[in-house]
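Coordinates in review
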There are 2 protein chains.
Amino acid sequence: MDREVAIIGGSMTKFGQRDAWIRELLSQAGEACLEDAGVEPDDVDHVYVSNMASGEFEGQGGIMNAVAHDLGLLPAYSQRIDQTSSSGGAGMYAAWQSIKSGASDMTLLVGGEKMTHKGTGDATDIIASITHPAEYKHGVTLPSFAGMTARHYLEKFDAPRESLAKVAVKNHENGTRNPKAQFQKEITEKKALESPIIADPLRLYDFCPITDGSAALMFCPVEVAEEYADDYAVVSGIGGATDTHVVHERDDPTTMGGVVDSGEEAYEMAGIGPDDIDVAELHDMFTILEFLQMEGLDFAETGEAWKHVEEGRTAIDGDRPINTSGGLKSKGHPLGASGVAQGYEIYEQLVGEAGERQVDAETGLACNVGGFGNCVITTIMEAR
Amino acid sequence: MDREVAIIGGSMTKFGQRDAWIRELLSQAGEACLEDAGVEPDDVDHVYVSNMASGEFEGQGGIMNAVAHDLGLLPAYSQRIDQTSSSGGAGMYAAWQSIKSGASDMTLLVGGEKMTHKGTGDATDIIASITHPAEYKHGVTLPSFAGMTARHYLEKFDAPRESLAKVAVKNHENGTRNPKAQFQKEITEKKALESPIIADPLRLYDFCPITDGSAALMFCPVEVAEEYADDYAVVSGIGGATDTHVVHERDDPTTMGGVVDSGEEAYEMAGIGPDDIDVAELHDMFTILEFLQMEGLDFAETGEAWKHVEEGRTAIDGDRPINTSGGLKSKGHPLGASGVAQGYEIYEQLVGEAGERQVDAETGLACNVGGFGNCVITTIMEAR
């Protein structure tokens, strides 16, 4: 059995502060995805639920069972997948494996997280539980890593502070074109540069918000996809990698090993290289991460990603648009949903359903990062 | 690519009350498994961590990253799998898919849970978070379902209360032969029948204990297995299914749909039937579940499983021994570990390493149940 894996439909809920629990959010996205793909619940063999922490956030266990039940998918096989912020990407990989292995002929992937009810402090504590204790007990959280890495990057590569603000401005601008994004407003570079300091040199507008939301995708073999859709996407390359749990043990803080390794794996499987990628969704949980991923994926030479942004090459009308969806920065970052939502944006771009955000793209890439590059999944998709 | 999936090594920590956190337990089992399989850390492509609730039990997130790091497996892909009590079985399925799909040539599966530090009350609360709110708010927990189902079964099939006690006696007897089991003591039928009532008619000795522990298995394609081992096992059939989240919506409380569906899938893939199974590990979280699984998997006619136990047919010297390891009842039930430990027992039986528990077996089956049959994985393994 040597199957090609297709994606034939997708959906996402409105991201933001939502008056609904995780179970409802997941079901909303799942239902919309079934409808978008034209798939009957009875035809779903496997359902994967990407979710980091429904237990910690709202005391909800067994979420995969609840969602399979709510969507009328029984007796479909159901399972929850956690890989922290990259749970969604890990779900893409699991869904891909389920089809590729022949275990399933129709797999629904739903990712989501309900976070805002906890408030920023408690949510940050839950997220910080993934940090190594040797770092956490000294007060180091993910935002701290981002601040230290940003300072190092700017100094090492003589990059202007403004280049980070430009990432935020670009992604907010894209977000205004995405009705599902959490933020629907443009920001100015001045506003970003004058926003409150969070982890020096990073300021409020360098960080993604706390978000509720869910996204879904439908996977099947290409032979089956032909029955459902004229236009669909195939996952032509996918790879995952893990980096050190202790972030300060890494050789070079400005290189994300997991991005490099997972990217190489995905490129090799797809048989293409970075120049072939027309559009990409990168994990801009912090603005600095967009630079590190651009460089780790060879979109830019080491130390030069900031120049691409300065030159407008990553803008929606640039030569390789990045984060047309608004990215995590503007679209929001419901942990378990984000990787799926990245995949959904690339899918929409490839099948020509991205509305005001539509770019000309035959091949797209999504890079989903867990922790501070601790776990990374890179996925390459092509239009059919 | 049409690969057969082999298991070439395994391990488990001592189950019981352990003075070690989840991270250490998982690493202990993982390390022992690498050694048992003769596999170098560098040769591992994927690592799956089956764990229901390290966040809820001890505030530990990102456990897959921590374990991959601790075992020196970087940059191997790592991911956490949750399917409540059947997380271990779900890990078997994920590991199988990773090999079958070609995504990995060497996959380490480690399952574990650290529970005892919470005490029975808090642990039961965490487990009860998987119950449907419509039931939970009326005070219905998994033990309540077990009690109601046991009463129904005994009345419907005119089975003696003693038959349930005999399951406990048998599994405790097997546990005395397993140095890793939580309990190393025989019990009498009288003691079981006179133990405190928990959920009438079920008593203390009808329930598995709260347990800390971890277990691991190493998966690879058969071609690779040949390089590592003379004797190994293949996973010849595997299937998973989900049943209603609301338990009282099921047609018949004495039939576990998930067991039936996952079993049929596994038998079909393996191309064999129940009569071909020489030894089985069933999910005896409650004694009554052993009957329901025996019947769901067609080891016994509906309403007759209790007769097999009365007749000693499921004893270690019977015609189809069940729970030679001691089962969850005597070995213990660290949620995320249990499905992996079931697989490990079958593996040991098939490669002839089960010591005092050794039976004559070429083909074995493991049935791992999440919730009250909410999620089920059935795995069939054959000796090579």
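Residues numbered from 1 in each chain as written. Chains lettered and ligands numbered in written order. Predicted model: local features only at pLDDT ≥ 70, side-chain atom pairs only at ≥ 80, totals over all residues. Heavy atoms only, no water.

**So, the overall build of chain A**
Looking only at helices and strands, one finds 15 helices and 11 strands in chain A. In terms of overall dimensions, chain A is globule-like: its C-alpha atoms have a radius of gyration of 19 Å, near the 21 Å expected for 384 residues. Principal-axis analysis of the C-alpha atoms places the extent of chain A at approximately 55 × 45 × 40 Å. Here the contacts in chain A between residues at least 6 apart in sequence split such that 78% fall between residues at least 24 apart. Carbon together with sulfur atoms contributes 45% to the accessible area of chain A, which is approximately 12,000 Å² in total. Here chain A contributes 28 positive and 64 negative side-chain charges, whose respective centroids are spaced 8 Å apart. (Helix = DSSP H or I, 4+ residues; strand = E, 2+ residues; numbered from the N terminus. Rg over C-alpha atoms; globule rule 2.2 N^0.38 Å. Contact = heavy atoms within 4.5 Å. Areas by Shrake-Rupley, 256 points an atom, 1.4 Å probe, with all protein chains shown as cover. Lys, Arg positive; Asp, Glu negative; His and termini not counted. Charge placed at Lys NZ, Arg CZ, Asp CG, Glu CD.)

**What to know about the packing of helix α4 (residues 87-100) of chain A against helix α15 (residues 335-350) of chain A**
Residues and elements named next belong to chain A. At a minimum axis distance of 5 Å, the contact between α4 and α15 shows a crossing angle of 60 degrees. Taken together, the axis directions place α4 and α15 in an arrangement best described as oblique. Contacts from S87, G88, G89 and M92 of α4 reach α15 at G336, G339, V340 and G343. Broken down by class, the residue content of the contact of α4 with α15 amounts to 2 nonpolar, 6 polar and no charged. (Axes fitted to C-alpha atoms, helices over the stretch in contact; angles between N-to-C directions. Parallel < 35°, antiparallel > 145°, perpendicular 65-115°, else oblique. Nonpolar A, V, L, I, M, F, W, Y, C, P; charged D, E, K, R; others polar.)

**Observations concerning the pattern of salt bridges**
Oppositely charged side chains can form a pair if their charged atoms are brought close together. Residue and element names in this part refer to chain A. For the structure shown, the criterion picks out 40 salt bridges over all chains. Between D319 and R313 there is a salt bridge; the shortest N-O distance is 3.3 Å. Take D319: its relative accessible area is 52%, and that puts it in the exposed class. Its relative accessible area of 32% is what places R313 among the partly exposed residues. (Salt bridge = Lys/Arg side-chain N within 4 Å of Asp/Glu carboxyl O. Buried < 20%, exposed > 50% of the residue type's maximum accessible area, 1.4 Å probe, protein only.)

**Considering a negative patch on the surface**
On the surface, A:E31, A:E35, A:D36, A:E223, A:E226, A:E227, A:D230, A:D231 and A:E353 cluster together into a patch of negative charge. Put simply, the parts of the chain that give the negative patch at least two residues each are α1 (22-37) and α10 (222-228) of chain A. (Patch = residues over 30% accessible without salt bridge, like charges linked within 9 Å, V, L, I, M, F, W, Y side chains within 5 Å.)

**Remarks on the interface of chain A and chain B**
In this complex, chain A contributes 53 residues to the contact, which on the side of chain B involves 53 residues. In this structure, the connection of chain A to chain B is made through 2 salt bridges. A:R80 serves as the salt-bridge partner of B:D82, at 2.6 Å between the closest nitrogen and oxygen. Here chain A and chain B share 30 residue pairs in polar contact (both at pLDDT 80 or more) between them. Elements supplying a minimum of two residues to the side of chain A that touches chain B: β2 (46-50), α2 (54-58), α3 (63-70), β3 (77-82), α4, β8 (233-242) and β11 (375-383) of chain A. If you tally residues by element for the side of chain A that touches chain B, the top one is α4(A), at 7 residues. Of the residues belonging to the side of chain A that touches chain B, the class tally is 22 nonpolar, 22 polar and 9 charged. Bridging between β3(A) and strand β3 (residues 77-82) of chain B involves 3 bridges; their strand directions are antiparallel. Its bridge partner lying in β3(B), A:I81 is registered against B:I81. (Polar contact = N/O pair within 3.5 Å; in protein donor to acceptor, adjacent residues only side chain to side chain. Pairing = 2+ DSSP bridges.)

**Quick look at the UniProt feature "domain: Thiolase N-terminal" (unreviewed entry) in chain A**
Those places that UniProt annotates as "domain: Thiolase N-terminal" (unreviewed entry) correspond, in this numbering, to residues 5-221 of chain A. End C-alpha to end C-alpha, residues 5-221 of chain A measures 5 Å, and it is 43% helix and 18% strand. (UniProt positions renumbered as here; feature names shortened; annotations may be inferred.)

**Section: the side chain of B:Q182**
Residues and elements named next belong to chain B. For Q182, the position within the fold is in the loop between α8 (161-175) and α9 (189-194). Judged by its relative accessible area of 17%, Q182 is buried. Reaching out from Q182, the side chain makes a polar contact with the backbone oxygen of I210 at a distance of 3.3 Å. Every residue in contact with Q182, bar those within four places of it in the chain, is listed here: K14, F15, G16, Q17, P209, I210, T211, S330, K331 and G332.

**Some remarks on the nonpolar core**
Among the nonpolar cores identified, the biggest contains 76 residues, and A:F219, A:M381, B:F219 and B:M381 are the most heavily contacted of them. When sequence neighbours within four positions are dropped, the list of residues in contact with B:F219 reads B:V5, B:A6, B:I7, B:M92, B:A95, B:W96, B:I99, B:D105, B:M106, B:T107, B:L109 and B:V235. (Core = buried A, V, L, I, M, F, W, Y, C linked by side-chain atoms within 4.5 Å.)

**A word on the UniProt feature "domain: Thiolase C-terminal" (unreviewed entry) in chain A**
In the numbering adopted here, UniProt assigns the feature "domain: Thiolase C-terminal" (unreviewed entry) to residues 239-382 of chain A. The straight-line gap between the two end C-alpha atoms of residues 239-382 of chain A is 15 Å; of that span, 35% is helix and 16% is strand.

**Looking at the state of the cysteines**
Considering all chains together, one arrives at 0 disulfides over all chains under this definition. As a non-bridged cysteine, A:C33 has A:C220 as the owner of its nearest cysteine sulfur, 11 Å distant. No disulfide involves B:C375; its sulfur sits 12 Å from that of B:C367, the nearest cysteine. We classify B:C375 as buried; its relative accessible area is 1%. (Disulfide = S-S within 2.5 Å.)

**A few points about the environment of A:E362**
Residue and element names in this part refer to chain A. Mapped onto the fold, E362 is located in the loop between α15 and β10 (363-370). Distance from E362 to I346, taken between C-alpha atoms, is 9.8 Å for residues 16 residues apart in sequence. Every residue in contact with E362, bar those within four places of it in the chain, is listed here: D278, L350, M381, E382 and A383.

**Thoughts on the packing of helix α1 (residues 22-37) of chain B against helix α3 (residues 63-70) of chain B**
Residues and elements named next belong to chain B. Running from N to C, α1 and α3 cross one another at 45 degrees; their axes reach a closest spacing of 10 Å. The orientation of α1 with respect to α3, classified from their angle, is oblique. The handedness of the crossing between α1 and α3 is right-handed. Of the residues in α3, those in contact with I22, R23, L26 and S27 of α1 are I63, A66, V67 and D70. Looking at side-chain class alone, the contact of α1 with α3 contains 5 nonpolar, 1 polar and 2 charged residues. (Left-handed = near helix turned anticlockwise from the far one by under 90°.)

**What to know about unusual backbone geometry**
In this chain, A:D200 is followed by A:P201 through a cis amide linkage whose omega measures 10 degrees. Phi at A:T84 is positive, roughly 55 degrees, even though this residue is not glycine. Mapped onto the elements of the fold, A:T84 is located in the loop between β3 and α4. Positive phi outside glycine occurs at B:D298, with the angle close to 65 degrees. Positionally, B:D298 belongs in the loop between α12 (287-296) and α13 (305-310). Using a relative accessible area of 52% as the deciding quantity, one classes B:D298 as exposed.

**Here we look at the environment of B:H248**
Residue and element names in this part refer to chain B. Position of H248 among the secondary structure elements: in the loop between β8 (233-242) and α11 (257-270). For the pair H248 and E135, spaced 113 residues apart in the sequence, the C-alpha separation amounts to 8.4 Å. Within the local environment of H248, its side chain forms a polar contact with the side chain of E135, the two groups lying 2.8 Å apart.

**Describing the relation of the copies chain A and chain B**
Relative to chain B, chain A is turned by 180 degrees and slid 0.0 Å along the rotation axis, the superposed coordinates differing by an RMSD of 0.0 Å. Here the transformation between the copies is reduced to the relation of a two-fold axis. Closest to the rotation axis within chain A is the C-alpha of A:S101, separated from it by 2.0 Å. Interface overlap between copies: 100% of the residues of chain A at the interface are likewise at the interface in chain B, consistent with a symmetric, same-surface contact. (Least-squares fit on C-alpha atoms with pLDDT ≥ 70 in both.)

**Considering the packing of aromatic side chains**
A full pass over the atoms with the stated rule returns 16 aromatic pairs over all chains. Aromatic pair A:F286 and A:F372: ring centres 6.2 Å apart, planes at 35 degrees, arrangement tilted. One end of the pair, A:F286, is in the loop between β9 (279-281) and α12 (287-296); the other, A:F372, is in the loop between β10 and β11, with 86 residues separating them in the sequence. A:F372 matches A:F286 in its accessibility class, with the two residues each being buried. Plain terms: the ring middles of B:F207 and B:F286 are 5.4 Å apart, the flat faces sit at 75 degrees to each other, and that makes the pair edge-to-face. Of this pair, B:F207 sits in the loop between β6 (202-203) and β7 (213-221) while B:F286 sits in the loop between β9 (279-281) and α12, and the two are 79 residues apart along the sequence. When sorted by exposure, B:F207 lands in the same class as B:F286, which is buried. One aromatic cluster is present, formed by A:Y48, A:Y77, B:Y93 and B:W96 through successive ring pairs. Across from the ring centre of A:F183, 5.8 Å away, lies the NZ or CZ of A:K185, which sits over that ring. (Phe/Tyr/Trp six-rings, centres within 6.5 Å; stacked < 30°, edge-to-face > 60°. Lys NZ or Arg CZ within 6 Å of the ring centre and 35° of its normal.)

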